[in-house]
Amino acid sequence: CALFGIYNIKEASNYVYLGLHALQHRGQEGCGIVTRDKDVFYKKRSRGLVLEAFDKTDIENLKGDIGIGHNRYSTSGDSSLVNLQPLTASFDLGDIAIAHNGNIVNAYNIKQKLISDGAIFSSNSDTEVIIHLIARQKGSFDERLVGALSQLKGAFSLVMLFNDTLYAIKDPWGFRPLAMGELGDSCCFASETCAFDLIGAKFIRELESGEIVKVDKYGVNSFKPFKSENSYRCVFEHIYFARPDSYLWDNHVYEIRKKIGQKLALKSSVDADVVIAVPDSGMPAAIGYAQASGLPFEMGIIRNHYVGRTFIEPTDSIRHFGVKLKLNPSSDVLNNKRVVVVDDSIVRGTTSRRIVKMIRNAGAKEVHLRIASPPVTHPCFYGIDTPTKSELIASSHTIEEITKYATADSIAYLSLEDLKEIVGESGYCFACFSGNYPISLKV
Ligand code: 5GP
Ligand code: SF4
Ligand code: MG
């Protein structure tokens, strides 16, 4: 999911809207904005993409100079309207609006307990438990917030409004990104720095693991009230999820992906005529591969950008168009060539199989797949939507078997060791590649 929040700026909704648009890649199922003006929350949530979900009147109606927003990508709960965020509620201390990126591992258990205590839930997203926990604590809002969040295990980057106060929060493990920026006199937060670029804000710093930043009329204050944990930043953000023009965890995402491609070229070189990418996710690594191998990089597959994830194939009879709706090979580039094709990851393996077939149909003599990540062998429980273990092709198949299934001439993955060398060994979660889950799933 994507988060954006801004404090103390005229017509805040405009900035939230633009911020969410820049973060559209982090979730396309639906989006929402909540603003605050004269003790009232203004709220609009809608399915679909940001640019389609809000019109001029919607943005004008979202009054006030404080706002938060969210793009949804579902990992728990379905994509119906009630699960879109920010979620809002009122309780004895006032009003709360909350937007969450991540996945709370023990949400189910907490929810069962709350329900048996009489709580009523209006969504099936894991985020709603946070509101219930806050409402049931005692003391000041900050005390309640800390008391509630201390009970959670898992990934939760949050932007939140409590009355006229804006909070930005990162869980003690630091799974999901959340950055702080500055625009004139106002303070803003975004999942990725590419949102700051669009609105002209300056990137200040990444939030620390377990940090709460509180922004109100007294200024910007930070505290770290939780028991400290080791950091487990999601390495898959670097591999696939984040935008290549974002600066994340002391690195340019683009640079990391290019280095991965260079490493692949050095470790798994093959005689070939041309390097191409599976667009867009394989692009930076393919460029790195081409540079390190000295082979020409070409646009061998062209992507149609107007196919959203919400696209519904009209009837069974045209279902077989599948991947062609989105990707088309250029036989001009591929005919009679030995082709290296770079993609960021193989999850189920169905994309790879189709891509190889597509490249062969365009006349390629050989197709060599190079994958810019280690084999995905384990599902994620911290906010990335991977299928169950049995659907992950690398969980039960060797590279030889996957090569055969994909009908490629060869497949090579980045090794986990090489990935660690590139991003750094410590401070990252590698669980979907290693099975070493930083937070036990039995909670
Ligand atoms: P598969 O092997 O499952 O057919 O698909 C692999 C492709 O899915 C890769 O091109 C990769 O870019 C993309 N991919 C990897 N992770 C995700 C994800 O979390 N969501 C979506 N929509 N695509 C993903
Ligand atoms: Fe990221 Fe993989 Fe860890 Fe999930 S399991 S947080 S996708 S590195
Ligand atoms: Mg892809």
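What counts, and where the lines are drawn
- Starting from 1, residues in each chain are numbered consecutively following that chain's sequence as written.
- Chain labels run from A onward and ligand labels from 1 onward, assigned in the order the entries are written.
- Reporting in this predicted model follows two pLDDT cut-offs: at least 70 for local features of residues, and 80 or more for side-chain atom pairs to be given and counted; totals over whole chains, interfaces and linings ignore these cut-offs and use all residues.
- A residue counts as near a molecule or strand when its C-beta atom, positioned from the backbone, falls within 6 Å of it.
- The way it works is that DSSP assigns letters per residue, a run of H or I at least four long becomes a helix, a run of E at least two long becomes a strand, and they are numbered from the N terminus.
- All residues other than Ala, Val, Leu, Ile, Met, Phe, Trp, Tyr, Cys, Pro, Asp, Glu, Lys and Arg, Gly among them, are scored as polar; the first ten of these are nonpolar and the last four charged.
- Counts of 20 or more other C-beta atoms within 10 Å of a residue's own C-beta define buried residues, counts of 12 or fewer define exposed ones, and intermediate counts define partly exposed ones; C-beta atoms are placed from the backbone.
- If DSSP finds at least two bridges between two strands, the strands pair.
- The axes are straight lines fitted to the C-alpha atoms, using for helices just the contacting stretch, and the angles between their N-to-C directions are given from 0 to 180°.
- With C-beta atoms placed from the backbone, a contact is any residue pair whose C-beta atoms sit within 7 Å.

Participant: So what's going on with the site of ligand 1? Which residues, and what values?
Facilitator: Near ligand 1 there are 15 residues, and of these Ser281, Val347, Arg348, Thr350 and Thr351 occur at the shortest range. The element best represented in the shell around ligand 1 is helix H12 (residues 350-361), accounting for three residues. The class makeup of the residues in the shell around ligand 1 is five nonpolar, six polar and four charged.

Participant: Residue-level account of unusual backbone geometry, with values.
Facilitator: Cis rather than trans, the peptide bond between Gln85 and Pro86 has omega equal to 0°. For Pro86, the location among the structural elements is in the loop between strand E4 (66-72) and strand E5 (87-91). The linkage connecting Pro279 with the following residue, Asp280, adopts the cis geometry, with an omega of -10°. Mapped onto the elements of the fold, Asp280 is located in the loop between strand E17 (274-277) and helix H10 (283-293). With phi around 45°, Lys38 is a residue other than glycine that occupies positive phi space. Secondary-structure assignment places Lys38 in the loop between strand E2 (30-37) and strand E3 (40-47). You can call Lys38 exposed: it has 7 C-beta atoms within 10 Å. Of note in this structure, Asp39 is not a glycine but carries a positive phi near 65°. For Asp39, the location among the structural elements is in the loop between E2 and E3.

Participant: Help me get a handle on the site of ligand 2, residues and values and all.
Facilitator: Close contacts around ligand 2 come from Phe175, Cys234, Val235, Phe236, Cys380, Tyr382, Ile384, Cys429, Phe430, Ala431 and Cys432, and that covers them all. Contributing elements (two or more residues each) for the shell around ligand 2: helix H8 (235-241) and helix H16 (431-434). The residue inventory of the shell around ligand 2, partitioned by class, reads 11 nonpolar, no polar and no charged.

Participant: Tell me what's going on with the sheet that holds E5, and back it up with residues and numbers.
Facilitator: Spatially, six strands are ordered E5-E6-E7-E8-E12-E13 in an open sheet, and the strand pairing comes out antiparallel. Across the chains shown, the open sheet's two edge strands, defined by having one partner strand only, are E5 and strand E13 (219-223). Within this sheet the neighbouring strands show an average axis-to-axis angle of 20°, counted without direction. In the sheet, strand E12 (residues 212-216) pairs with E13 via five bridges, with the strands oriented antiparallel. Counted as the bridge partner of Ile212 is Phe223 from E13.

Participant: An account of the sheet that holds strand E21 (residues 366-371) is needed here, citing residue identities and associated values.
Facilitator: The strand order across the open sheet formed by four strands is E17-E20-E21-E22, and the pairing between neighbours is parallel. Two strands bound the open sheet, and with one partner strand each, they are E17 and strand E22 (410-413). Strand-to-strand twist across the sheet, computed as the mean angle between neighbouring axes with direction ignored, equals 20°. The pairing of E17 with strand E20 (residues 338-343) spans four bridges and is classified as parallel. Within E20, the residue paired with Val275 across the bridge is Val340. The sheet strands contacting H12 are E20 and E21, and the helix crosses E21 at an angle near 145°.

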